[in-house]
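So you can see what is in the structure, the chains are spelled out below.
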Amino acid sequence: MMDRVVAVVLAGGKGLRLEPLTRDRAKPAVPFGGVYRIIDFTLSNCLNSGLRKILVLTQYKAMSLDRHISVGWQRYFCRELGEFADVVPPQQRIDESWYQGTADAVYQNIYTIEKERPEYVVILAGDHIYKMNYKLLVDYHIQRAADVTIGVLRLPRAEAARRFGVLQVDAESRVIGFEEKPADPKPIPGDEAHCLASMGIYVFNARFLFEELCRDATRRGSQHDFGNDILPAAVHTNRLFAYPFVDENRKTSAYWRDVGTLDAYYEASMDLVAVDPQLNLYDEQWPIRTYQPNLPPPKFVFSDRERRGFATDSIVCQGSIISGGHVERSILGPRVRINSFALVQNSILFEGVNIGRHAKVRRAIIDKGVSIPAGVEIGYNRQLDEARGFVVTDSGVTVIAQTDGMERLLESERAIA
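Residues numbered from 1 in each chain as written. Predicted model: local features only at pLDDT ≥ 70, side-chain atom pairs only at ≥ 80, totals over all residues. Heavy atoms only, no water.

**Student:** Describe the pairing of strand β5 (residues 84–88), naming the residues involved and giving the relevant values.
**Tutor:** Along any regular strand the residues' side chains alternate between the sheet's two faces. Of all 5 residues that make up β5, 4 are buried, and the element is covered over most of its length. One ladder, built from 5 bridges, connects strand β4 (residues 53–57) with β5; its direction is parallel. What sits directly across from K53, in β5, is F84. Handedness of the β4-helix α2 (residues 63–72)-β5 crossover: right-handed. (Buried < 20%, exposed > 50% of the residue type's maximum accessible area, 1.4 Å probe, protein only. Helix = DSSP H or I, 4+ residues; strand = E, 2+ residues; numbered from the N terminus. Pairing = 2+ DSSP bridges. Right-handed = clockwise from strand over helix to strand, strands pointing away.)

**Student:** So what's going on with the layout of surface pockets? Residues and values would help.
**Tutor:** Estimates place the volume of the second largest pocket at around 460 Å³. Taken together, 19 residues make up the lining of the second largest pocket; nearest its centre are R37, R67, H68, E351 and K368. Elements with a contribution of two residues or more to the lining of the second largest pocket: β3 (36–37) and α2. Element by element, the count of residues in the lining of the second largest pocket is highest for α2, at 5 residues. Broken down by class, the residue content of the lining of the second largest pocket amounts to 9 nonpolar, 4 polar and 6 charged. (1 Å grid on protein atoms, 1.4 Å probe; cavity = no way out; pocket = protein on both sides within 12 Å on 5 of 7 lines; lining within 4 Å. Points joined across faces, edges and corners; volume = space filled by probe spheres on them. Nonpolar A, V, L, I, M, F, W, Y, C, P; charged D, E, K, R; others polar.)

**Student:** Account for the pattern of salt bridges, with residues named and values stated.
**Tutor:** A full pass over the atoms with the stated rule returns 18 salt bridges. As a salt-bridge pair, R154 and D191 come within 2.8 Å of each other at their nearest N and O atoms. In this pair, R154 sits in strand β8 (residues 148–156) while D191 sits in the loop between β10 (175–180) and β11 (194–205), placing the two residues 37 residues apart along the sequence. Residue classification places D191 among the buried residues on the basis of a relative accessible area of 18%. For R215, the salt bridge goes to E212, with nearest N and O atoms at 2.3 Å. A residue pair is termed a helical-turn pair when its members lie 3 or 4 positions apart in one helix, as R215 and E212 do in helix α7 (residues 206–217) at 3 residues. For E212, a relative accessible area of 8% corresponds to the buried category. Overlapping salt bridges bring together K27, D127 and D258 as one network. (Salt bridge = Lys/Arg side-chain N within 4 Å of Asp/Glu carboxyl O.)

Here it is as structure tokens:
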């Protein structure tokens, strides 16, 4: 049955709230958990669900995302068996403009989707972190003879306000109302504190999807968006159903994260170094796959009392060397080097970061390839970090982009002195 399904992953958003991490990459390509990228969770869900026809629609700053999927994901699919995970940049077959909305992104790629002759199309976002079996979602859709099925989360109304599409359903879970990002979400009947929020996950009958997209493309004033236009227009004329999120993470509470802000990204990342994190990356029943570079294992050197390389409550990826430095509650990506007497606490270091001797880093996110000079302190003085040109979040996390490396830092230090 899943061979009749095509998955379309929307991965073209700018991710403005994650800048500077999205200054040079698309949001789905942002590293997460050391070795992973955010999009790996959606792609792993597809693979684990038996979904092997995947189109990834990109738009902004897609080069690193394209490269990641090419080197890390193509080996899981056999083209001769009709399997693929293809990155599709804007084709401009229908319109010369950039995508105007989520529905327009799919509409402009109708030709590519139709070539596969699917019966069902699953629309997914490439920038959320969760574990979900899409086969159960498709089965649910077929059993109810639905035109559209929408994945939903039960959320506090205050949390969903102005952030999520909100559904109203009847006793059979048929959708009878849909509002996109309302200021005052309608509650679940009998539960005034919560509402049903759309996850941005949809199953469409392919023919119905194509007809609705073509109809919406001609509507004046349409934002060409699923949540704003397609779904509200179809509620009263077609069979729309809500599918309650079934979490494959197998924890006491369902795990779904939109790491759309720097603080949300930091909090979700720091959860991973807990003794019992909410997100289980070590689950062999629902593995999260990614590109694994051919690097040596991590190394810890020097055992002197004053000069000892160690890490506690941390994730340390392959190719990293902790050379006489201390790491506490942090995530070190591949090929990170912590030099002697350096201290890294509660921080996220992307691939290739170098922390100089006697440097101190606290509550920071440091982007790929940045080198922190010897003796410099990051995350200890908000005003100084902002004067250096770094981004400091509302919760006090210092973020250093790839362009904020050693040269800029030294220039700033000299200017301040």
